[in-house]
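Structural features, examined
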Amino acid sequence: LAIRFLKEIGMFKPWDNVGLLEDAKKAEEFFWSKQSQESDKKMKAYTTAFLSDQNMGAQDRYASIRHDFGDLAVYTIDDPSAKEIDDGVSIEHIPGDKSAWLHMHIADPTTYIQPTDELAHLTQQKAQTLYLPERHFPMLPEELSSKKFSLGSTAHTNKDGSQYALTFSTRIDMKGNLLDYK
């Protein structure tokens, strides 16, 4: 009855996702709370720092275990409407062999964010991006999740033009049988 009243007085449009009111506790970290406002302020400060510091990631903690895939094409597998391009796949054919490597790539913000950083704690509280019909609430600020940490970004790449990603690789034969993994 309260929701119907709020629609009738124009506070909500007929198409608004008012179901969130019934389960507001889940959405509290994203909006409508003092905690979300404080979190947003901190996230904006981190975003400014990340985008203004040209040396961010210059000290790559994982350089010793990185693999350069060179010019191997990466096909992103996110929905066309996704704001965060964070998943991709590559197929590496092995010349003279009847097998191929299938590489699954996932954007790697941990290159820039230490587990002990306050930003890591803030994102852990949200756990995921909240997608609603009328808008989305990203786990990380959009300038970071859609640009700096996105696999689809060309604006924020490392020195050689590539993006940092976690990659899981499997070698499969022509029938799809698993032969090896990395």
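1. A short note on the pattern of salt bridges
One pass over the structure, following the stated rule, counts three salt bridges. A salt bridge links Asp-108 to Arg-66, with the shortest nitrogen-to-oxygen separation between them at 3.9 Å. Residue Asp-108 is found in the loop between β3 (99–107) and α5 (118–126), and its partner Arg-66 is found in the loop between α4 (34–52) and β1 (75–76); the two are separated by 42 residues along the sequence. Under the relative-accessibility criterion, Asp-108 is labelled buried at 5%.

2. Let's talk about the sheet that holds strand β2 (residues 87–93)
By way of backbone hydrogen bonds, the strands of a sheet pair with one another, either parallel or antiparallel. Spatially, five strands are ordered β1-β2-β3-β6-β7 in an open sheet, and the strand pairing comes out antiparallel. With one partner strand each, in any of the chains shown, β1 and β7 (178–181) form the two edges of the open sheet. Examined bridge by bridge, β2 and β3 share seven bridges and lie antiparallel to one another. Its bridge partner being in β3, His-93 is matched across the sheet by Ala-100.

3. Considerations on a nonpolar patch on the surface
Where nonpolar side chains cluster on the molecular surface, the patch consists of Phe-5, Ile-9 and Met-11 and spans about 350 Å² of accessible area. Relative to the elements of secondary structure, Met-11 occurs in the loop between α1 (2–8) and α2 (19–22). When its relative accessible area of 56% is taken as the criterion, Met-11 is described as exposed.

Rules used throughout
Residues numbered from 1 in each chain as written. Predicted model: local features only at pLDDT ≥ 70, side-chain atom pairs only at ≥ 80, totals over all residues. Heavy atoms only, no water. Salt bridge = Lys/Arg side-chain N within 4 Å of Asp/Glu carboxyl O. Helix = DSSP H or I, 4+ residues; strand = E, 2+ residues; numbered from the N terminus. Buried < 20%, exposed > 50% of the residue type's maximum accessible area, 1.4 Å probe, protein only. Pairing = 2+ DSSP bridges. Patch = residues over 30% accessible without salt bridge, like charges linked within 9 Å, V, L, I, M, F, W, Y side chains within 5 Å. Areas by Shrake-Rupley, 256 points an atom, 1.4 Å probe, with all protein chains shown as cover.

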